[in-house]
Protein chains: 2
Amino acid sequence: MTKSSAGKTTLNPFGMTVVEDYERLYEEFGIQKFKPLLTQIPKPYMSMRRGVIFGHRDFERILNAMKNHEEFAVMSGIKPTGEFHLGTLMTAREVIYFQQQGATAFYCIADVEAYEDNRIPFERSERYAVGNVADLLALGFDPKRGYIYRQSREERVKDLAIIFGRKVTLATMKAIYGERHMGLYISALIQAGDILLPQLEDFGGPKPTVVPVGVDQDPHLRLTRDLASKFRRKYGFILPSSTYHKLIKCLDGSPKMSKRDPMSYFTFQEKPESIAKKISNAFTGGRPTAEEQRKLGGIPEICPIYEMYMFHFFKEDKDVVQLYHDCKSGKILCGEDKERLIEIILNFVKEHRRKRRQNIDKARKILEVK
Amino acid sequence: MTKSSAGKTTLNPFGMTVVEDYERLYEEFGIQKFKPLLTQIPKPYMSMRRGVIFGHRDFERILNAMKNHEEFAVMSGIKPTGEFHLGTLMTAREVIYFQQQGATAFYCIADVEAYEDNRIPFERSERYAVGNVADLLALGFDPKRGYIYRQSREERVKDLAIIFGRKVTLATMKAIYGERHMGLYISALIQAGDILLPQLEDFGGPKPTVVPVGVDQDPHLRLTRDLASKFRRKYGFILPSSTYHKLIKCLDGSPKMSKRDPMSYFTFQEKPESIAKKISNAFTGGRPTAEEQRKLGGIPEICPIYEMYMFHFFKEDKDVVQLYHDCKSGKILCGEDKERLIEIILNFVKEHRRKRRQNIDKARKILEVK
């Protein structure tokens, strides 16, 4: 994945991780390229500008709604299996971005999936859910123009799953999800219900809906779009659109962070020292010695530190470009680069946690948790 | 099925249809014989005495509850796909019998199953459901000591289905139900939820529960007993018990009535003339000519007319025995036998419909239908 990217991307620091694997997604799954739409988007979000959002399905429909100030919805969510981290931050910020662009925002606490897939009983996921919602509010989600709910409590979503079930063959489920237990298939149908919930009469009926997710969630979109089309006559569904962001790397440089290895990521609820230490110890695209680094330059394309700046922590695109070139040219060493990032992240986390604390009661109220 | 029965059953008119096929159920599926328990049952129901209820699972547990006046529940239901007929009458009467013996009675309107299996949308099944519940009330169901509900509206049942899903493999579903669409599997899990609903804390917690059903419903019981055992720690479930009645024959003598052929059965909402005509035209166990009949006797073992008397319309066991012998000896001819039955049934239907009309509003209220 990184080999060919190194050569291809010198002029395009934002697009560099769109390499063979992502190209394959376009061809094999029919995901469309996001870049050609970029110039038409009134206020493109930073992850759009930087190629972090690299693909989509039917985003034109959303674009038109945005341009023409027509009604549309954004829908995404979180599995309440732990505290917020950089991965969940990405989706949450995308949802908030679309809300700020005029969308009615739906944010689902996927506790049924947390149960079926991660064996976390509802009683336990409820605790995480409160924190997750407080995080979302702290990040700027406006609950007055949005709907936050738990799958396990949203009867309309469960009912859609039951209704959808009749037109889903076992072969389809196995083709999409492999041979899994019944609960996982049910949870997939419930997620189809989540995605189409914004189009029910209770929420004003059919409307363009964008689902910003990590590209690993595309199977749910394929299933849901198929169901939207099968039940179009009954509900008038408009096929949901989606945007796909790249998955953020582990701190050890491996492709996707995993909750099984707590050293591979950090949450916003960890102690600052722990976060700082994990970043200090992170894998980088640097060379074995400072001397070599000065001479050969680093490899930002494989570097999780660079990715954190680009995905989340540099507000200005020009700073990302600058860092890319400073790294490539050997002007900046990994140590100082990490030090600066640690400072930025600890400041962000401190400020975020302050806002989060202020929103805990509100979150509790939204989720009807005593 | 009938050959061997003819020889075996001369002294036992009630047991005659327990032949090879039913014997196989004992061996292959571990269904237990009901007859050995009969003498211990305080007030055995007519279909118990007559061998119509021929099998069970763990009925001893119910027997003990009945004897010791301990809490227990009865749970069964109906698919709201049409009007009441002799098949649904059987289950309804069994539920009412157990209610009268002290059980808290749960009667489920299986509208999810009607949708998944028979493609009847909830809006349409609702109409049938009102009638079905009015029928149940007309037959003597006491709503004050029972709970009547629709699957599609009972969130606790849907939630149990979702919770159960995690411990059901695809292989299990396929082994029990064959390769079907997702909706049918979901509906099976929902039925497991129905059967275990009486044991939730909301209804007083774990208790012996008997599910009186046609033997064709045993797969649901096997699945549910397996789930009750898997979730015993969480909910304290007691394995549900069941009783199995034989399936009533078609009017044309074939093994099970089918809604696909309206001449093979009648509903209680049909015109009296239509019912009378269908019975007149029914297949019987009679001989080609009256002369032969007088000489050889009839074959009640294969006769749907005889079965109707035995299953439903003779209140006294001695009348069934009498008819059996009168038929066997050629003393009674099919024409007069049918004529008498038509009179009994039309009287029953007339009286039943009167009571049903009185209960329509109550049914509507119970189902919260406007």
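Residues numbered from 1 in each chain as written. Chains lettered and ligands numbered in written order. Predicted model: local features only at pLDDT ≥ 70, side-chain atom pairs only at ≥ 80, totals over all residues.

**Observations concerning the relation of the copies chain B and chain A**
- Overlaying chain B on chain A yields an RMSD of 0.0 Å, the required transformation being a rotation through 180 degrees with an accompanying axial translation of 0.1 Å. The two molecules are tied by a two-fold rotation axis, judged by turn and shift.
- The overlap is high: 100% of the interface residues of chain B also sit at the interface in chain A, so the same surface is used on both sides. (Least-squares fit on C-alpha atoms with pLDDT ≥ 70 in both. Contact = placed C-beta atoms within 7 Å.)

**Considerations on the nonpolar core**
- Counting 199 residues, the largest nonpolar core has Val133, Leu189 and Ala192 of chain A together with Val133 and Leu189 of chain B as its most contacted members.
- Beyond its immediate sequence surroundings of up to four residues, valine 133 of chain B is in contact with Ile148, Ala363, Ile366 and Leu367 of chain B. (Core = buried A, V, L, I, M, F, W, Y, C linked by C-beta atoms within 7 Å. Buried ≥ 20, exposed ≤ 12 C-beta atoms within 10 Å, placed from the backbone.)

**A few points about the sheet that holds strand E5 (residues 146–150) of chain A**
Residue and element names in this part refer to chain A.
- Across the sheet, 7 strands lie side by side as E1-E2-E7-E6-E3-E4-E5; this open sheet has mixed pairing. Two strands in the sheet have a free side with no partner beyond their single neighbour: strand E1 (32–33) and E5.
- Where strand E4 (residues 104–109) meets E5, 5 bridges bridge the pair, whose relative direction is parallel. Bridge pairing in E5 places tyrosine 107 opposite isoleucine 148. (Pairing = 2+ DSSP bridges. Helix = DSSP H or I, 4+ residues; strand = E, 2+ residues; numbered from the N terminus.)

**Section: the environment of threonine 91 of chain A**
All names here are of chain A.
- Take threonine 91: it is sitting in helix H5 (residues 86–100).
- For threonine 91 and glutamine 269, which are 178 residues apart along the polypeptide, the C-alpha to C-alpha distance reads 18 Å.
- Excluding its chain neighbours within four sequence positions, the residues that come into contact with threonine 91 are Ser76, Pro212 and Val213.

**Describing the packing of helix H6 (residues 111–118) of chain B against helix H7 (residues 122–138) of chain B**
All names here are of chain B.
- For the pair H6 and H7, interaxial distance at closest approach is 10 Å and the crossing angle is 125 degrees. Between H6 and H7, the angle is such that the two are oblique. Considering how the two elements wind past one another, H6 and H7 form a crossing that is right-handed. On H7, the residues that touch Asp111, Ala114 and Tyr115 of H6 are Phe122, Ser125 and Ala129. (Axes fitted to C-alpha atoms, helices over the stretch in contact; angles between N-to-C directions. Parallel < 35°, antiparallel > 145°, perpendicular 65-115°, else oblique. Left-handed = near helix turned anticlockwise from the far one by under 90°.)

**Some points on the domain arrangement of chain A**
Residues and elements named next belong to chain A.
- Entries for chain A in the domain assignment read domain 1 (2–251) and domain 2 (262–355).
- Each partner contributes residues to the interface: domain 1 has 24 residues there, and domain 2 has 25 residues.
- When contributions to the side of domain 1 that touches domain 2 are tallied by element, the ones reaching two or more residues are helix H1 (2–8), helix H3 (46–49), H5 and helix H7 (122–138).
- A class-by-class count of the residues in the side of domain 1 that touches domain 2 yields 12 nonpolar, 7 polar and 5 charged. (Domains from an automatic or database assignment. Nonpolar A, V, L, I, M, F, W, Y, C, P; charged D, E, K, R; others polar.)

**Here's the deal with the interface of chain B and chain A**
- Taken together, the contact pairs 19 residues of chain B with 19 residues of chain A.
- When contributions to the side of chain B that touches chain A are tallied by element, the ones reaching two or more residues are H6, helix H8 (155–165), helix H9 (170–177) and helix H10 (182–196) of chain B.
- Looking at the side of chain B that touches chain A residue by residue, the classes come out as 10 nonpolar, 4 polar and 5 charged.

**Let's talk about unusual backbone geometry**
- The backbone of arginine 119 of chain A shows a phi angle near 60 degrees, a positive value even though the residue is not glycine.
- Within the secondary structure, arginine 119 of chain A sits in the loop between helix H6 (111–118) and H7.
- You can call arginine 119 of chain A exposed: it has 11 C-beta atoms within 10 Å.
- The phi dihedral of aspartate 58 of chain B falls on the positive side, at around 50 degrees, and the residue is not glycine.
- When you line up the elements, aspartate 58 of chain B lands in the loop between strand E2 (53–57) and helix H4 (59–67).
- Given 17 C-beta atoms within 10 Å, aspartate 58 of chain B falls into the partly exposed group.

**Thoughts on the packing of helix H13 (residues 272–280) of chain B against helix H17 (residues 334–366) of chain B**
All names here are of chain B.
- Where H13 meets H17, the axes come as close as 10 Å, and the angle between the chain directions of the two elements is 150 degrees. Here H13 lies roughly antiparallel to H17, going by the angle between them. In this structure, the crossing between H13 and H17 has a hand that is right-handed. In contact with Pro272, Ile275, Ala276, Ile279 and Ser280 of H13, H17 contributes Lys338, Leu341, Ile342, Ile345, Leu346 and Val349.
- By residue class, the composition of the contact of H13 with H17 is 9 nonpolar, 1 polar and 1 charged.

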